[in-house]
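Spelled out, the chains give:
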Amino acid sequence: MRSKISFSHRALVWLLGFGLLAASCGNNGCEETRESYLYAQLKATTGVSLTKLYAWGLGFETDSLMLSESSPSSLEFILRPDTTFTQIRMQCTVNDNGDLFQYDDTLSIRYEVFPYFIDMECGCSMFFTIQDVEVTRNLFNNIILKQAEITNNEAVNIILQY
């Protein structure tokens, strides 16, 4: 005698099978990082300590908050791949011998954009070459361009001294 499988059992088996297939498609074999970030190291050269930093990307569709860090020593910024210029507003709170002060600075980066084919599994990434970098000097008193090439390898690109 042939047993009948109910519709709900068949649907359950089908959903489980589809779930296993969908889960196996999530990893395409790419072991390499695809994202490229501008890495900034923050270095104190005065007696103040940086206690809080907020950063907004200016000129994006919305000038939205990019990051919020407490006592940062380094930062990762996303550059716009659809243009050759990005500005980032940084609102910094510093501790100067127990007194808190707030400063606003704008980081301006000019760069070239290069689409880079990684491989078949990873696809493409966007690489950048910094042409010029400036910062308003409200808190930050110096900026050093350490490495102009921004790739998917993590390396310090700029040093912001305060």
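Source: prediction; values computed, not measured.

Quick notes on the overall build of the protein
- A count of helices and strands for the protein gives one helix and 10 strands.
- Counting from the amino terminus, helix and strand elements in the protein follow one another as α-β-β-β-β-β-β-β-β-β-β.
- Taken over 162 residues, the protein has a buried fraction of 31%.
- Surface exposure of the protein reaches about 10300 Å², of which carbon and sulfur atoms provide 52%.

A closer look at the pairing of strand S2 (residues 49–58)
- Pairing between S2 and strand S5 (residues 85–96): nine bridges, direction antiparallel. Bridge pairing in S5 links Ala-55 to Met-90.
- Of the strand pairs in this sheet, S2 and strand S3 (residues 65–70) are connected by five bridges, and their pairing is antiparallel. Looking at the pairing, Ala-55 lines up with Leu-67 of S3.

Things to note about the confidence of the model for the protein
- Per-residue confidence for the protein gives a mean pLDDT of 85, with 80% of residues at or over 70.
- Confidence drops under a pLDDT of 50 for residues 6–26, and excluding neighbours within four residues, the segment shows one contact in the predicted structure.

Quick word on the packing of aromatic side chains
- All chains considered together, the criterion is met by five aromatic pairs.
- Judged by centre distance (4.4 Å) and plane angle (15°), the rings of Tyr-116 and Phe-127 are stacked. With Tyr-116 in strand S6 (residues 99–119) and Phe-127 in strand S7 (residues 123–135), the pair connects residues that are 11 residues apart, well separated along the chain.
- Under the relative-accessibility criterion, Tyr-116 is labelled partly exposed at 40%.
- In this structure, Arg-89 is placed above the aromatic ring of Trp-56, and the distance from its NZ or CZ to the ring centre is 4.5 Å.

Digging into the sheet that holds strand S9 (residues 149–150)
- Spatially, six strands are ordered S3-S2-S5-S6-S7-S9 in an open sheet, and the strand pairing comes out antiparallel. Of all strands in the sheet, those bounded by a partner on one side alone are S3 and S9.

With respect to the side chain of Asn-157
- Tracing the backbone through its elements, the reader meets Asn-157 in the loop between S9 and strand S10 (158–161).
- At 3.1 Å, the side chain of Asn-157 forms a polar contact with the backbone oxygen of Glu-149.
- Each residue touching Asn-157, except ones within four places of it in the same chain, is listed here: Tyr-37, Leu-38, Tyr-39, Ile-130, Ile-144, Leu-145, Lys-146, Gln-147, Glu-149 and Ile-150.

Examining the state of the cysteines
- According to the stated counting rule, one finds one disulfide in the structure shown.
- One disulfide in the model links Cys-30 with Cys-122; its S-S distance is 2.0 Å. Here Cys-30 and Cys-122 share a disulfide; its torsion about the S-S bond, 105°, makes the bridge right-handed. Taken together, the residues Cys-30 in the loop between helix H1 (7–24) and strand S1 (38–43) and Cys-122 in the loop between S6 and S7 connect sequence positions 92 residues apart. Taken individually, Cys-30 and Cys-122 each receive the classification buried, so the pair is uniform in this respect.

Definitions and limits used
Residues numbered from 1 in each chain as written. Predicted model: local features only at pLDDT ≥ 70, side-chain atom pairs only at ≥ 80, totals over all residues. Heavy atoms only, no water. Helix = DSSP H or I, 4+ residues; strand = E, 2+ residues; numbered from the N terminus. Buried < 20%, exposed > 50% of the residue type's maximum accessible area, 1.4 Å probe, protein only. Areas by Shrake-Rupley, 256 points an atom, 1.4 Å probe, with all protein chains shown as cover. Pairing = 2+ DSSP bridges. pLDDT = per-residue confidence, 0-100. Contact = heavy atoms within 4.5 Å. Phe/Tyr/Trp six-rings, centres within 6.5 Å; stacked < 30°, edge-to-face > 60°. Lys NZ or Arg CZ within 6 Å of the ring centre and 35° of its normal. Polar contact = N/O pair within 3.5 Å; in protein donor to acceptor, adjacent residues only side chain to side chain. Disulfide = S-S within 2.5 Å.

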